[in-house]
2 protein chains.
Amino acid sequence: MSFDAAVHAQAIDLDRLSLEMTAAAGSGHPSTAMSIGHIVTVLMFHSMRWSPELPDYPTSDRLVLSEGHAVPAVYAACAMLGVHVGTDPDNRRPLRIEDLQTLREADSILDGHPNPLEGFPFFDAATGSLGQGLSVSAGIAAAARLDKMDKRVYCIIGDGEAREGQIAEALDHIVDHKLTNVLPIFNCNGHGQVSAVSKQQSPEVLQKKLEATGYQVQVIDGHKPDDIKNAFDAFVAISADENAKPMAVIAKTVKGWGSPTMSSANFHGKPVTGDQLEKVLEELGERRTELTSALVSSDSFTIQPPEQAPAKAGAISDIPSFSDTMKSRDMQTILQGGRLATRKSYGIALQTIGHHNPDVVALDADVSNSTFTEYFAKDQQLSERFVECKIAEQNMISVAAGMSAGGKIPFCSTFAKFVTRAYDQIEMAIVGGANLKIVGSHCGATLAADGPSQMSLPDVAWFRSLASAKNKEGNPLCYILQPADAYAAYALTNVMAEYEGACYMRTVRNDVEFLYNDEIVFNLGGFEQLSEGRDILICAAGYMVHEANKAIDILDEAGVSASLVDLYSLPFDEDKLLDIANDNNGYVLTVEDNYGGGIGSAVADALTRSGEGFTLEQMYIERVPKSAKSPTDVLKMVGLSSDDIAARALEVLQVAAV
Amino acid sequence: MSFDAAVHAQAIDLDRLSLEMTAAAGSGHPSTAMSIGHIVTVLMFHSMRWSPELPDYPTSDRLVLSEGHAVPAVYAACAMLGVHVGTDPDNRRPLRIEDLQTLREADSILDGHPNPLEGFPFFDAATGSLGQGLSVSAGIAAAARLDKMDKRVYCIIGDGEAREGQIAEALDHIVDHKLTNVLPIFNCNGHGQVSAVSKQQSPEVLQKKLEATGYQVQVIDGHKPDDIKNAFDAFVAISADENAKPMAVIAKTVKGWGSPTMSSANFHGKPVTGDQLEKVLEELGERRTELTSALVSSDSFTIQPPEQAPAKAGAISDIPSFSDTMKSRDMQTILQGGRLATRKSYGIALQTIGHHNPDVVALDADVSNSTFTEYFAKDQQLSERFVECKIAEQNMISVAAGMSAGGKIPFCSTFAKFVTRAYDQIEMAIVGGANLKIVGSHCGATLAADGPSQMSLPDVAWFRSLASAKNKEGNPLCYILQPADAYAAYALTNVMAEYEGACYMRTVRNDVEFLYNDEIVFNLGGFEQLSEGRDILICAAGYMVHEANKAIDILDEAGVSASLVDLYSLPFDEDKLLDIANDNNGYVLTVEDNYGGGIGSAVADALTRSGEGFTLEQMYIERVPKSAKSPTDVLKMVGLSSDDIAARALEVLQVAAV
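What counts, and where the lines are drawn
- Residues numbered from 1 in each chain as written.
- Chains lettered and ligands numbered in written order.
- Predicted model: local features only at pLDDT ≥ 70, side-chain atom pairs only at ≥ 80, totals over all residues.
- Heavy atoms only, no water.
- Disulfide = S-S within 2.5 Å.
- Buried < 20%, exposed > 50% of the residue type's maximum accessible area, 1.4 Å probe, protein only.
- Pairing = 2+ DSSP bridges.
- Helix = DSSP H or I, 4+ residues; strand = E, 2+ residues; numbered from the N terminus.
- Axes fitted to C-alpha atoms, helices over the stretch in contact; angles between N-to-C directions.
- Parallel < 35°, antiparallel > 145°, perpendicular 65-115°, else oblique.
- Left-handed = near helix turned anticlockwise from the far one by under 90°.
- Contact = heavy atoms within 4.5 Å.
- Buried area = accessible area lost by both parts, 1.4 Å probe.
- Salt bridge = Lys/Arg side-chain N within 4 Å of Asp/Glu carboxyl O.
- Polar contact = N/O pair within 3.5 Å; in protein donor to acceptor, adjacent residues only side chain to side chain.
- Nonpolar A, V, L, I, M, F, W, Y, C, P; charged D, E, K, R; others polar.
- Expected span 1.5 Å × (residues − 1).

Draft legend 1. Looking closely at the state of the cysteines. Overall, the coordinates contain zero disulfides over all chains when judged by the stated rule. Cysteine A:Cys155 remains unbridged, with the sulfur of A:Cys188 as its closest cysteine sulfur at 13 Å. We classify A:Cys155 as buried; its relative accessible area is 0%. With no disulfide partner, B:Cys412 has as its closest neighbouring cysteine sulfur the one in B:Cys389, 7.2 Å distant.

Structure below.
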């Protein structure tokens, strides 16, 4: 009985601390935390192999708290164990019990939900937006497998949370990729925020669903220490065996366990204070007396340390130039032909980089023959590092966040439109500091024939909003890259791989002419001036650079000397652009094949910051496009053909001349 | 055998037309279309009760093609049946076989994927971004149930598509809400775009999962007419019985059925042309001869017409003023106290409107006690029109799109952060013309204590991008509304209900002071000037109006006379705002509690359009916020407190003075 008593004693201590810290914070979720007190105790004090001094040690087993609002239980355990905390990896200190009183304060490392970048490296990922943790776990587990590490990942998922479809995606993914080193633990306390959890997420139905999905399921009492331990032992026994059936645990738990006051009413997200807190603590004390009579002084836990981490793989060596790469692939004909789709150039770059950087991994969602990650996938030396995620974009992004936490550099590719599916996951990955590269193909409207269901139109605006804020390194939360030709796409893929942080690159379906050569250097935050005029500055990116280029010729014939800037990066060097605008009498025209809020607004922001009088005309897509047979047809439809661009430029100048 | 032969003959005709139209288009998915030729034939020529002359008749059974890329099969059937098409409901004409040759052309009503607004009213919703159709079907079915219509909804889902987690969400939703009038039909042709569909989406595993989820499953050969008919007959028998077990069909099919050439290789998304087309058509001809020997002239189909539609419920009567509503609810104390959270005022408005407009329905994702849709949910007269969607936001939005197609006015509420989860679904709903109202609570950073995982920060930028484009009525694809007080929230909720089109409203967690009264009129596209100064114009919205208001007082003490505009709507009247900016010497400061790209960029766009020299300073959130105990603390953290605003205004003016 001593293990049993020790777990109860410890769990009740965690419960008490959860209550006290949320009372001090004036908010938080003590009742949910109390439903996982025992599970957290067995995990963190017994089953996991890890080190409180080095909570993010590479080979340590990991706990991903998908239901992030239950975090007080983990904070409490970390305070008990003196887990090292702090934003500076070289200057951490043990978490103390008294720190718990700072929960949710502006200068506390104890954020409302798991938030590693605020100084809590025990967690690999930010969670709190529900349903994402199991995918993250799968990513961590996959990275460990690639590195031949025997690392186990425990993921606690709420029952209400299990309604999120991403959980189903992750469960399938784990089976497909034989990630038996992940253990999904469903915390079935039966209560959501408003009312009871649906019968569809009851232990009974969840068990059936999990079994149907290919899991061996242990249904346990989540407050019985031996039950919990046995389940985790069973997982430990199979976790290194890729051919085993993956395991899942359904833990029947009680929200507000240990306190009749709290477990008999809806205390979701409600801290307990004053007399009520006294009463609840008293109730817990009674439970402790009752359950820990067998506790003797030898009832301490031993935490198994992690294995020594292997040495990290070598750094990047320089990749060959685009021309050299094309020659080495017998693609000289294309090189001479002078046209290639940026999506294809991206695929070529990714494969090349894969050979030079062992950390680079590629993920795709059943469209690798469209995004051209198939070059990577089909390369025998790289295929192990290709992760086919099937049609489940949310899962793909969160898996990538997990792989990033495991030291990988994940490139995620699908149609730019379908990236939208995972915007919440992208935000969470960025909050958690993931080194995420997202490449959306078939961007904008120029994919034409498939119609609006496949067109990414508000994407530049959304990523630009992320780009407007900075991370702790002072870089934008995300860079947006829109290569206009194959040279640019090749170079920028390499730039992304070398940069540590989030990037979103848009590639285009159709072949486009080469504009650049191997000598051009592309930088995050840079742009390229393609033609130097004096009457009006045209800014474009991606496919639209080509239309704008044609417009320049038309304008030239009309006697107008226009400048053209390829704004391939957002953000960009604003001062430099303003200089060019000034050289063009302050007339600027932006052109983009998406809805507004993209480069047009970026230029508007820059111009208005200056306080000088510029005239800006923005051209973007102002209607929902429909199918058309060619990019030319669709650009005419939405008023963005080269003729339209030239006409608009003339209009701006003529109106100005009147 | 005659039904069997007739279906084969018809299906093969559809296959042939699918091949021919995609060949003419030069793109499209004939092989997928051919895998559902028989299913579409039995549905549209036999099982569905509908009218080709009135394809969107309210009581008609509906077909939702979730795997939108299979649409050539449906276009072919519609051409055979002369289904009426056209963008103007009063001026439609039958689709002809020769129209099929225009597939995907810029001026064709036959878009690449189902797209009702381009003139194809047979479809209720735009599909093509995968995984959304079953949720839409559930919404159509729920609307029909509310209207006591015996309407059946058939939904064809691809097997690869079934990997999207939203399908799992929809399956749970259908069980929870007893929507036995929806039939999910899984088209298991076994092939995705790149390669074989995962075993996790095989007929065997899908069957187990569906049964575990609570479905009775019929596994059929999707090319055997009688199998198909019998399955649909079984569905018809239970579809009106809410207490029956919902049904699902797993159809084993062949991609490129009928053509050995196409079914033995990967023809995903590849039209067949030239000699190859000849060969494939020949192969189909052989199949036809083989399978239709029993066909005699009497083998025609009879399509059952729909029931007479009931009269539409009455129009909206005016709702009482906010003050009157508060008084009638015994909330005078709050009215006198002068403070209320906008989320609460929204809840009060929604309940009030619910009583005045029978079409209004409310959906929520397990946070109705946070969004205050609980007032609607707990109202006995309204509770039938409340749809608890649990923690599954993607499904919620697509269900709402379906309910809109069924004539309802759906208000969807959850935390603004979690709305992000469904951005792709929102885009698709807007493409399909849904009358969608989205209300995100706890917006921006001022929810404070829960931290960034619960904060909506790039949301204004994203919705503003949608707002930059216009729908066929000339309105923005979506309005963004940010009420600053309870009066505004109440009024704008009513404005949303009366307007036909998409709106996104942001509500705030904390109580805020009243700024307005019952007399103020709030309009889509409007704004309110709260103070009239001459030195600098401050523009804010939502919670930030209150901080800006305090800043105005600080500035006043410093001898600066500032104007304040509450930009509660995006887009807004730009000319009017420019006039106010001019009255303030051209100095403008925008303040918003989200990342950039929101109202700051909206103002920048407006100012630069004018060509005059304005000075704009934008204040927005430039870092990832973390938890803090109060809105005040979090605004200080991100540099948006009233002191910060006043200081920045002075800086702008001083810098200008130098």
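Draft legend 2. Highlighting the sheet that holds strand S13 (residues 479–481) of chain B. All names here are of chain B. Strands sit in the order S10-S9-S11-S12-S14-S13-S19 across an open sheet of seven strands; the sheet is mixed. In this open sheet, the two strands that pair with only one neighbour each are strand S10 (386–388) and strand S19 (569–570). Summarising the sheet, strand S11 (residues 409–415) and strand S12 (residues 437–441) pair through five bridges and their orientation is parallel. For Cys 412, the partnering residue across the bridge sits in S12 and is Ile 438.

Draft legend 3. Quick look at the packing of helix H6 (residues 165–176) of chain B against helix H16 (residues 393–405) of chain B. All names here are of chain B. Where H6 meets H16, the closest approach of the two axes is 8 Å, and the angle between their N-to-C directions is 65°. In this view, H6 runs roughly perpendicular relative to H16, as classed from their interaxial angle. Read as a crossing pair, H6 and H16 show a hand that is right-handed. Counted together, Gln 166, Glu 169, Ala 170 and His 173 of H6 and Glu 393, Gln 394, Asn 395, Ser 398 and Val 399 of H16 form the full contact between these two elements.

Draft legend 4. Structural view of the interface of chain A and chain B. On the chain B side, the residues contacting the 113 residues of chain A number 113 residues. Between chain A and chain B lies a buried interface of about 8800 Å² when both sides are counted; carbon and sulfur atoms form 46% of it. Looking only at chain A, the three residues that lose the most surface to chain B are A:Arg163, A:Arg421 and A:Lys629, adding up to 9% of its buried area. The tally of links between chain A and chain B comes to 20 salt bridges. For A:Arg104, the salt bridge identified is with B:Asp450, shortest N-O distance 2.9 Å. Seen at the junction of chain A and chain B, the total is 80 residue pairs in polar contact (both at pLDDT 80 or more). In terms of residue count, the dominant contributor to the side of chain A that touches chain B is helix H6 (residues 165–176) of chain A (eight residues). Residues belonging to the side of chain A that touches chain B are distributed by class as follows: 40 nonpolar, 43 polar and 30 charged.

Draft legend 5. Spatial organisation of helix H4 (residues 72–81) of chain A. All names here are of chain A. Of all 10 residues in H4, nine are buried; the element is thus mostly enclosed. Listed in full, the buried residues belonging to H4 are Pro 72, Ala 73, Val 74, Tyr 75, Ala 76, Ala 77, Cys 78, Ala 79 and Leu 81. Each element contacted by the buried residues of H4 is listed here: helix H1 (2–25), helix H2 (30–35), helix H3 (37–47) and strand S1 (62–65). Positive backbone phi, approximately 65°, marks Gly 82, located one or two places after H4.

Draft legend 6. How the structure looks around the sheet that holds S1(A). All names here are of chain A. Taken together, the five strands give an open sheet; going across it, the order is S1-S4-S5-S7-S6, and neighbouring strands pair in parallel fashion. The open sheet has two edge strands with one neighbour each: S1 and strand S6 (216–221). Here the average twist between neighbouring strands, direction ignored, is 20°. Relative to strand S7 (residues 247–252), S6 runs parallel, the two being bridged by six bridges. By the bridge assignment, Val 217 is partnered in S7 with Ala 248.

Draft legend 7. Representation of the environment of A:Ala467 within the structure. All names here are of chain A. Positionally, Ala 467 belongs in helix H19 (residues 459–467). Accessibility expressed as a relative area gives 9% for Ala 467, which makes it buried. For Ala 467, the residues in contact, after removing those within four places along its chain, are Pro 476, Leu 477, Cys 478, Ile 480, Leu 570 and Pro 571.

Draft legend 8. Structural detail: helix H16 (residues 393–405) of chain A. Residues and elements named next belong to chain A. In this model, H16 (13 residues) spans 19 Å end to end at C-alpha, consistent with the 18 Å of a helix rising 1.5 Å per residue. Most of H16 sits inside the fold, with 12 of its 13 residues counted as buried. Buried within H16 are the following residues: Glu 393, Gln 394, Asn 395, Met 396, Ile 397, Ser 398, Val 399, Ala 400, Ala 401, Gly 402, Met 403 and Ser 404. Positioned one or two residues after H16, Gly 407 has a phi angle of 95°, which is positive.

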